[in-house]
Amino acid sequence: MLALLSLPATPAAVSAAQDKAPLLVLLDGDAPQWQQWCTAAGWHFLGPWTDIPEKSIDLRIKTLEKRIAETTQRLPVDQSRIYLAGQGDGTPAVFYTASRAPDLWAAAVAVGGAARPAIDSNRLFGANTTNVPVLWLSGSREDEAMARRMTSAGYNLEFKVGTSATAQMIFEWLGHKQRDQYPTVADCETGAKTFSRCYWIEVTGFDAGSRNDALASTRVEPLGSGASLDLGGFGFTRNDPGPGVRVSWLPPDYRGPLKLEDRIVAIAGKPVRDAAAYAELMDQTTEEASVAVTVQRGKERNRLETRILVPKREESVTARVQARYMPELQEIQILSRSIIGMRLTVPPAWAPATLNWNGTALAKAETPGCWLLEEKKALLSARKCPE
């Protein structure tokens, strides 16, 4: 865990109660400390999301979205400056949430932690962070390879080795970022209908057969098969020395056979050298199988019968929309893949504007507001949304 220095109180904190102030949403980390920093900066604070009961991360994001909406109605929040943060175990959720629901945030910061759990979800898309800069203050240069993997897919990531990070630096970095409700470029990819909103566009119709080879996937490709032992969720540090792999983390409601500080020292009768060797073995395993593992607990060694599980990659087929307002042409240009319907909102500053979808000029939006774009029997159309 990175050590962060305290944030001094500022004059802005005095007037924040009267004026609209930024909101920081913490996914996981030292909540009392982050709340203290927010108070000193004059910011509102919401978190952590460990209080949200839903097990699925996608359901938790949907619940979090509702809580943010409730908070902005209850408090004077500057909705152009809502920030996402996570620390340690919350870091993967920051990367995932920024990609899954990008239009909620002006920027995000992750302190310490790891990127791999988010990457291995198979649902991390670089294009989605086009308008959401993410700062990762890592505790080690070993994370640079993960950062490069993300940025090569277009993930809007700024990576720093953060051993000298201060709360003041983090808040200053975040505070200079603002969310534009109508960014001139909106680019999103998804494999789930529940995450179909992309700023001023909402996808209403998906069709995997509606292809557009001009729009490649921006998925951050997983590093391995994602295989794991069926011993319940447990955490380990990849660079931990052997023997075996040390169990360094267990979830609060864990009911499996492991205990903290256990070491898995053999799988199928073969010794496990260290945590890196275990991770490499899991990465290379592509088939499920029953297996015996040896667990060392203090001076005792116990044999456990379990299975190697290989997850089915979800959302292998995705849709992507890339939209751009061209003021010099007074045109909204939209490219899409696997999409046959969308609802877009034209802001007053853009009207009138021609609506161009996949190279076809469909209509001229003379007035601002909602427009429906549809493809039926290979024919494209655009019309005003019904009242």
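I will try to describe carefully the structure that is included in this document.

Criteria and thresholds
Per chain, residue numbering runs from 1 following the sequence as it is written. Reporting of local features is limited, given that this is a predicted model, to residues whose pLDDT is at least 70; pairs of side-chain atoms are given and counted only at 80 or more, and all residues count toward the totals for whole chains, interfaces and linings. To get the side-chain values, take all heavy atoms of the structure and skip hydrogens and water. When two cysteine sulfur atoms lie within 2.5 Å, the pair is treated as a disulfide. Only DSSP runs of H or I with at least four residues qualify as helices, and only runs of E with at least two residues qualify as strands; both kinds are numbered from the N terminus onward. To sort residues, take the accessible area from a 1.4 Å probe on protein chains only and compare it with the maximum for the residue type: under 20% means buried, over 50% means exposed, and anything in between is partly exposed. Pairs of strands are assigned from DSSP output, requiring at least two bridges between the strands. Note on definitions: angles span 0 to 180 degrees between N-to-C directions of axes, and those axes are lines fitted to C-alpha atoms, for helices only across the stretch in contact. Between Lys or Arg on one side and Asp or Glu on the other, a salt bridge is scored when a side-chain nitrogen of the former is within 4 Å of a carboxyl oxygen of the latter. We call two directions roughly parallel when the angle between them is under 35 degrees, roughly antiparallel when it is over 145, roughly perpendicular when it lies between 65 and 115, and oblique otherwise. Put simply, a crossing is left-handed when the front helix is turned counterclockwise from the back one by less than a right angle, and right-handed when it is turned clockwise. Residue contacts are defined here by distance: any two heavy atoms, one from each residue, within 4.5 Å place the two residues in contact. Polar here means any residue outside two lists: the nonpolar Ala, Val, Leu, Ile, Met, Phe, Trp, Tyr, Cys and Pro, and the charged Asp, Glu, Lys and Arg; Gly therefore counts as polar. Think of it like this: strands point away, you trace from the first strand over the helix to the second, and a clockwise trace means the crossover is right-handed.

**Some words on the state of the cysteines**
Thinking step 1. Here the structure, examined in full by the defined rule, presents 2 disulfides.
Thinking step 2. Two residues share a disulfide in this structure: C188 and C198, whose sulfurs sit 2.1 Å from each other. On the S-S bond that ties C188 to C198, the torsion sits near 80°, and the link is right-handed. Highlighted residues: C188 in strand 7 (residues 185-190) and C198 in strand 8 (residues 197-198), separated in sequence by 10 residues.
Thinking step 3. With relative accessibility at 1%, the residue C198 sits in the buried group.
Thinking step 4. The disulfide partner of C370 is C385, and the gap between their sulfur atoms is 1.8 Å. Here C370 and C385 share a disulfide; its torsion about the S-S bond, -55°, makes the bridge left-handed.

**Things to note about helix 4 (residues 91-100)**
Thinking step 1. Among the 10 residues in helix 4, 10 count as buried, and that is most of the element.
Thinking step 2. Within the sequence span of helix 4, burial applies to T91, P92, A93, V94, F95, Y96, T97, A98, S99 and R100.

**Details of the sheet that holds strand 7**
Thinking step 1. With mixed pairing, the 5 strands of this open sheet are ordered in space as 7-16-17-19-20. Looking at the sheet topology across the chains shown, the edges are occupied by strand 7 and strand 20 (360-365). Recorded for the sheet is a direction-independent mean angle of 15° between the axes of neighbouring strands.

**Re the pattern of salt bridges**
Thinking step 1. Following the criterion strictly, the structure yields 19 salt bridges and no others.
Thinking step 2. The partner of D262 in a salt bridge is R297, and the shortest N-O contact between them spans 2.7 Å. Separated by 35 residues along the polypeptide, D262 in the loop between strand 11 (245-246) and strand 12 (263-267) and R297 in strand 14 (residues 289-297) bring together distant segments of the chain.
Thinking step 3. Residue R297 is classed as partly exposed on the basis of its relative accessible area of 27%.

**A word on helix 2 (residues 31-41)**
An α-helix turns once every 3.6 residues. As a result, residues three or four positions apart point the same way.
Thinking step 1. When we look at burial in helix 2, the residues that qualify are A31, W34, W37, C38, A40 and A41.
Thinking step 2. G42 sits one or two residues past helix 2 and shows a positive phi near 80°.

**Structural notes on the packing of helix 3 (residues 57-74) against helix 4**
Thinking step 1. Relative to each other, helix 3 and helix 4 sit at 65°, their axes nearing to 11 Å. Looking at the two axes, helix 3 sits roughly perpendicular to helix 4. When you trace helix 3 past helix 4, the crossing you get is right-handed. Only A93, Y96, T97 and R100 of helix 4 make contact with helix 3, whose side of the interface consists of I57, D58 and I61.
Thinking step 2. Residues belonging to the contact of helix 3 with helix 4 are distributed by class as follows: 4 nonpolar, 1 polar and 2 charged.

**Digging into the pairing of strand 3 (residues 77-87)**
Thinking step 1. Within strand 3, 10 of the 11 residues are buried, leaving the element largely enclosed by the surrounding structure.
Thinking step 2. Across 5 bridges, the pairing between strand 1 (residues 21-26) and strand 3 is parallel. In the sheet register, L23 faces strand 3, and the bridge partner there is I82.
Thinking step 3. Relative to strand 4 (residues 107-111), strand 3 is paired through 5 bridges, and the arrangement is parallel. When the bridges of strand 4 are listed, Y83 appears paired with A107.
Thinking step 4. Crossover connection from strand 3 via helix 4 to parallel strand 4: handedness right-handed.

**Quick word on the pairing of strand 17 (residues 331-337)**
Thinking step 1. Counting buried residues along strand 17, 5 of its 7 residues qualify, which places the element largely inside the surrounding structure.
Thinking step 2. Bridge count for strand 16 (residues 319-326) against strand 17 is 7 bridges, and the pairing is antiparallel. The partner of R320 across the bridge, within strand 17, is R337.
Thinking step 3. The turn linking strand 16 back onto strand 17 is made up of 4 residues, and Q330 within it adopts a positive phi angle of 50°.

**Remarks on the sheet that holds strand 22 (residues 379-384)**
Thinking step 1. Strand order in the open sheet formed by 5 strands is 8-9-18-21-22, with antiparallel pairing between adjacent strands. Each end of this open sheet is capped by a strand with a single partner; those strands are strand 8 and strand 22.
Thinking step 2. Bridge count for strand 8 against strand 9 (residues 201-206) is 2 bridges, and the pairing is antiparallel. Of the residues in strand 9, the one forming a bridge with C198 is I201.

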